Amino acid sequence: MKIAILPGDGIGTEIVEQAVRVLKVLDLAFESETALVGGAAYEAHGHPLPEGTLKLAQAADAILFGAVGDWKYDKLERALRPEQAILGLRKQLGLFANFRPALCYEQLTHASSLKPELVAGLDILIIRELTGDIYFGQPRGRRTAVDGHFPGAEEAFDTMRYSRPEIERIAHVAFQAARKRSKKVTSVDKANVLETFQFWKDVVTEVHAAHYQDVELQHMYVDNAAMQLVKAPKAFDVVFTGNMFGDILSDEAAMLTGSIGMLPSASLDKNGKGLYEPSHGSAPDIAGKGVANPLATILSAAMMLRYSLNQPAAADRIESAVKAVLSAGLRTPDIWSEGTTKVGTREMGDAVVAAITGKTITTKT
Ligand code: IPM
Ligand code: MG
């Protein structure tokens, strides 16, 4: 097994370091190689996704990714900005299926901004299509308007589009994932306004009728879905949608659980090869301070073992260790509350390693 390690920018390096320590202590036979990506790669090689990094990612069995981005690159032309690294990896590697579980740990029920009874036991899975939609649709750009409200004015435009096979393949992923859970899928669209999402709804309905009658399918408009997610999040199980809506709803769902610092994600290709990254970003405001929560990345490493490397027992060990650490009262600042023990990034990593190796976790209080 070969794992490509791409820590990236901001807190990316700190959190990935802890996840790698956790992987090493599991004593699995894997090779790893680290490369620069994002702003760090731009500084060193003049491009956020250098050829060498892309080749490494293509050759590996799985990729562990930290985060990319920093405000200091906002002025660069779009093609050179750090975000292009993750978008490029998704596209070049065909990582069309993005899994973003939102799980509210019992120990963190009170960290949510919603009432505890609304989120206690929350366990939803967002499945986001990741290589199509308005993110990648061509044409796009700037031009002089020839029509519209202000002909002759400067304008910008993007293209929202989905082809039938793109919708079909992600629909299969969503229905199959639902079969392993409570067999309930909510497909989120904007069919009342957008042609692209009327087509989405039609194709999803057809795939469902032809192959997945045992799964319950519900359609919901994206604005209503955003509202229902904060009103009654536990009514959802698998939430399945396109790239743009999935970007927005997955941040919303993440926050229901108390902290985006807890949530892992997987982005898979058609063969199950994947890129694993925390759902949060590079958080340049706290980078280098040793306070970032490494648990989302550590849990992403667990997803990697389960989905791409066929090591479910090792994945279980990581997930149990994370629960043990939370039960012992250890909290990074993002999930800290009265009566728990505040720790930094490295101490959190230490505690997970200790829990895996069977050592006792000591708290300072
Ligand atoms: C995400 C991020 C990315 C996205 C950015 C960094 C390009 O917000 O993974 O959700 O928009 O997909
Ligand atoms: Mg996002």
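Residues numbered from 1 in each chain as written. Chains lettered and ligands numbered in written order. Predicted model: local features only at pLDDT ≥ 70, side-chain atom pairs only at ≥ 80, totals over all residues. Heavy atoms only, no water.

**Student:** For this particular structure, what's the right way to read the pairing of strand 12 (residues 274–278)?
**Tutor:** For a regular strand, side-chain orientation follows a simple rule: the groups alternate between the two sheet faces. In terms of residue burial, strand 12 counts as a mostly covered element, since five of its five residues are buried. In strand 12, alternate side chains face the same way, and those of Gly274, Tyr276 and Pro278 on one face and Leu275 and Glu277 on the other are all buried. The sheet contact formed by strand 3 (residues 62–67) and strand 12 spans three bridges and is parallel. Note on strand 12: the bridge partner recorded for alanine 62 is glycine 274. Sheet topology note: the strand 11 (residues 264–268)/strand 12 ladder contains five bridges and is antiparallel. Counterpart to alanine 266 in the pairing with strand 12 is tyrosine 276. Between strand 11 and strand 12, which pair antiparallel and follow one another directly, the connecting turn spans five residues, one of which, glycine 272, has a positive phi of 90°. (Buried < 20%, exposed > 50% of the residue type's maximum accessible area, 1.4 Å probe, protein only. Helix = DSSP H or I, 4+ residues; strand = E, 2+ residues; numbered from the N terminus. Pairing = 2+ DSSP bridges.)

**Student:** How do you make sense of the sheet that holds strand 12 when you look at a structure like this?
**Tutor:** By definition, the strands of a sheet pair up through backbone hydrogen bonds, in either a parallel or an antiparallel sense. With mixed pairing, the ten strands of this open sheet are ordered in space as 2-1-3-12-11-4-5-10-8-9. What marks the edges here is a single partner per strand, and that holds for strand 2 (31–34) and strand 9 (216–221). The mean inter-strand angle of the sheet, taken between neighbouring strand axes irrespective of direction, is 20°. (Axes fitted to C-alpha atoms, helices over the stretch in contact; angles between N-to-C directions.)

**Student:** It is not clear to me how the site of ligand 1 should be interpreted in this structure. Could you clarify?
**Tutor:** Inspection of the region around ligand 1 gives Glu83, Arg90, Arg100, Arg128, Tyr135 and Asp247 as its neighbouring residues. At a separation of 2.8 Å, an oxygen atom of ligand 1 approaches a polar side-chain atom of arginine 100. At a separation of 2.9 Å, an oxygen atom of ligand 1 approaches a polar side-chain atom of arginine 128. Protein coverage of the free-state accessible area of ligand 1, which is 320 Å², stands at 74%. (Near = heavy atom within 4 Å. Polar contact = N/O pair within 3.5 Å; in protein donor to acceptor, adjacent residues only side chain to side chain. Areas by Shrake-Rupley, 256 points an atom, 1.4 Å probe, with all protein chains shown as cover.)

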